[in-house]
Amino acid sequence: MIYPLSGLIFGALFGAFRAKARGGKLADLVQWGLAFAVLFGLIGLFVLIFIERSYI
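How each quantity is defined
Residues numbered from 1 in each chain as written. Predicted model: local features only at pLDDT ≥ 70, side-chain atom pairs only at ≥ 80, totals over all residues. Heavy atoms only, no water. Helix = DSSP H or I, 4+ residues; strand = E, 2+ residues; numbered from the N terminus. Rg over C-alpha atoms; globule rule 2.2 N^0.38 Å. Buried < 20%, exposed > 50% of the residue type's maximum accessible area, 1.4 Å probe, protein only. Phe/Tyr/Trp six-rings, centres within 6.5 Å; stacked < 30°, edge-to-face > 60°. Patch = residues over 30% accessible without salt bridge, like charges linked within 9 Å, V, L, I, M, F, W, Y side chains within 5 Å. Areas by Shrake-Rupley, 256 points an atom, 1.4 Å probe, with all protein chains shown as cover. Salt bridge = Lys/Arg side-chain N within 4 Å of Asp/Glu carboxyl O. Expected span 1.5 Å × (residues − 1). Arc of directions from axis to C-beta. Contact = heavy atoms within 4.5 Å.

(A) Representation of the overall build of the protein chain within the structure. Counting its secondary structure elements, the protein chain contains two helices and zero strands. For 56 residues, the compact-globule estimate of 2.2 N^0.38 gives 10 Å, and the protein chain exceeds it by more than 25% at 13 Å. Seen through its C-alpha atoms, the protein chain measures out along the principal axes to roughly 45 × 15 × 15 Å. Sorting the 56 residues of the protein chain into buried and exposed places 25% on the buried side.

(B) Summary view of the packing of aromatic side chains. Going through the model one piece at a time under the given rule, you end up with six aromatic pairs. Centre to centre, the rings of F14 and F36 are 5.2 Å apart; their planes meet at 80°, and the pair counts as edge-to-face. One end of the pair, F14, is in helix α1 (residues 2-21); the other, F36, is in helix α2 (residues 26-54), and 22 residues separate them in sequence. Look at F14 and you get partly exposed, because its relative accessible area is 35%.

(C) Broad picture of a nonpolar patch on the surface. On the surface, a cluster of nonpolar side chains totalling about 940 Å² of accessible area is made up of I2, Y3, L5, L8, I9, L13, F17, L39, I43 and V47. Those elements that place two or more of their residues in the nonpolar patch are α1 and α2. It is α1 that provides the largest number of residues to the nonpolar patch, a total of seven residues. Summarising the element assignment, Y3 is placed in helix α1.

(D) Layout of α1. An ideal rise of 1.5 Å per residue puts 28 Å on 20 residues; α1 measures up with 28 Å between its terminal C-alpha atoms. Along α1, the residues that are buried comprise P4, G7, G11, G15, A16 and A19. Down the axis of α1, the buried side of the element spans an arc of 150°, and every buried residue falls inside it. Facing away from the buried side of α1, by more than 90 degrees, are the exposed residues I2, F17, K20 and A21. Where α1 is buried, its residues meet α2.

(E) Region of the structure containing α2. Between the first and last C-alpha of α2 there are 42 Å, a value that for 29 residues agrees with the 42 Å anticipated at 1.5 Å per step. Regarding α2, the residues found buried are G33, F36, A37, F40, G41, G44 and L48. Its buried side turned inward, α2 meets α1.

See the structure below:
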């Protein structure tokens, strides 16, 4: 459960920092943060599924 949650948090922060570095406004920060949060959350979910299936 920690991998998808970590991915969501890390992705949101990474996306917001990336938008801020490119001179984005608040809407840009939110949009990039949400997009990266979803992407990294899905990656974390697949990592969790892989780990759970490996230890059966």
